[in-house]
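Residues per chain are reported as follows:
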Amino acid sequence: MSEAALQLLALKGFDAVTIDEIAVAAGVSKRTFFRYFASKEDVVVRFLADLGTGMSAELAARPEDELPSAALHHAVGAALESCAGHTDHAARALRVVQLILRTPALRARFVEHQARWRDDLAAVLGRRLALDPARSLYPALAAGMALTAFDAVLQRWSDSDGAEDPADLTTRAFAALAPALDGDAAR
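Scoring rules and cut-offs
- Residues numbered from 1 in each chain as written.
- Predicted model: local features only at pLDDT ≥ 70, side-chain atom pairs only at ≥ 80, totals over all residues.
- Heavy atoms only, no water.
- Helix = DSSP H or I, 4+ residues; strand = E, 2+ residues; numbered from the N terminus.
- Buried < 20%, exposed > 50% of the residue type's maximum accessible area, 1.4 Å probe, protein only.
- Contact = heavy atoms within 4.5 Å.
- Salt bridge = Lys/Arg side-chain N within 4 Å of Asp/Glu carboxyl O.
- Axes fitted to C-alpha atoms, helices over the stretch in contact; angles between N-to-C directions.
- Left-handed = near helix turned anticlockwise from the far one by under 90°.
- Nonpolar A, V, L, I, M, F, W, Y, C, P; charged D, E, K, R; others polar.
- Expected span 1.5 Å × (residues − 1).
- Phe/Tyr/Trp six-rings, centres within 6.5 Å; stacked < 30°, edge-to-face > 60°.
- Lys NZ or Arg CZ within 6 Å of the ring centre and 35° of its normal.

**Overview of the environment of G162**
Logical step 1: Residue position: G162 is located in the loop between helix 8 (138-159) and helix 9 (166-182).
Logical step 2: By relative accessible area, G162 is classed as partly exposed at 32%.
Logical step 3: Sequence spacing of G162 and A84 is 78 residues, and the spatial spacing of their C-alpha atoms is 8.9 Å.

Right under this line is the structure:
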């Protein structure tokens, strides 16, 4: 159902498509649609929603002695790789990312998801560094910087219509962030 809905939304634009049209394109009833999705926005945002869970899992799996910048780079890079790294999937992902970033209602929902991701990443980072996110600012700040890098990479990739490489952009972003993420004063 999601694939049909995403294709229709990407083709016609978010505001031009009704839930009835999505249901017809997916071959389900409107009632069935609402069993899976709370709103039209959820169809699109769910496409990227699992990226946050993937980032947290990737961060948790990194070696304990790895610098925060490297661990966060890998976590964000893995999420972007799952989204944009496969040629057959990248074109579809790009259309969905462009739809999200260019539609205010979708962008707002995406920002909501990122707030949860930040909290999850901060909790994992806090455990890795033996820092309590409720007492130390570092885990939330570091997670926020990582997600700002993620957002900037998505924006640049979207604006370039896929011409810029997300992996290269991620490497450049974390090279700029590394001094702040790894400095002793940061923690």
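**Regarding the environment of S2**
Logical step 1: Here S2 is to be found in helix 1 (residues 2-12).
Logical step 2: Take S2: its relative accessible area is 29%, and that puts it in the partly exposed class.
Logical step 3: Linking S2 and S69, residues 67 residues apart in sequence, is a C-alpha distance of 34 Å.
Logical step 4: Setting aside residues up to four positions removed in sequence, S2 forms contacts with F37 and V43.

**Structural notes on the pattern of salt bridges**
Logical step 1: In the structure shown here, the tally under the stated rule is twelve salt bridges.
Logical step 2: The salt bridge involving D20 is made with K30; its shortest N-O contact spans 3.7 Å. Here D20 is found in helix 2 (residues 19-26), whereas its partner K30 is found in helix 3 (residues 30-36), with ten residues between them in sequence.
Logical step 3: If you follow the salt bridges from partner to partner, you end up with R156, E164, D168 and R172 in one network.

**Some details on the packing of helix 4 (residues 40-61) against helix 5 (residues 68-84)**
Logical step 1: One way to put it is that helix 4 packs onto helix 5 with a least axis distance of 8 Å and a crossing angle of 145°. Classified by chirality, the crossing of helix 5 by helix 4 is right-handed. Contact residues: L48, L51, M55, E58 and L59 in helix 4; A71, L72, H74, A75, V76, A78, A79, S82 and C83 in helix 5.
Logical step 2: A per-class count over the contact of helix 4 with helix 5 returns eleven nonpolar, two polar and one charged.

**Describing helix 8**
Logical step 1: For helix 8, with 22 residues, the first-to-last C-alpha span of 31 Å sits near the 32 Å given by 1.5 Å per residue.
Logical step 2: Remark: D161 follows helix 8 within two positions and exhibits a positive phi of approximately 55°.

**Here we look at the packing of aromatic side chains**
Logical step 1: Within the structure shown, the criterion is met by five aromatic pairs.
Logical step 2: With 5.8 Å between their ring centres and 85° between their planes, F110 and W117 make a pair best called edge-to-face.
Logical step 3: The class of F110 is buried, set by a relative accessible area of 1%.
Logical step 4: By relative accessible area, which is 4% here, W117 ends up buried.
Logical step 5: Ring geometry for F110 versus F150: centroids 6.4 Å apart, planes at 45°, classification tilted. Of this pair, F110 sits in helix 7 (residues 104-129) while F150 sits in helix 8; the two residues are 40 residues apart in sequence, bridging distant segments of the chain.
Logical step 6: Taking the relative accessible area as the measure of exposure, F150 reaches 0% and is therefore buried.
Logical step 7: Taken together, F33, F34 and F37 form an aromatic cluster joined through their ring pairs.
Logical step 8: Seen from the ring of F14, K40 lies directly overhead, with NZ or CZ sitting 4.4 Å from the centre.

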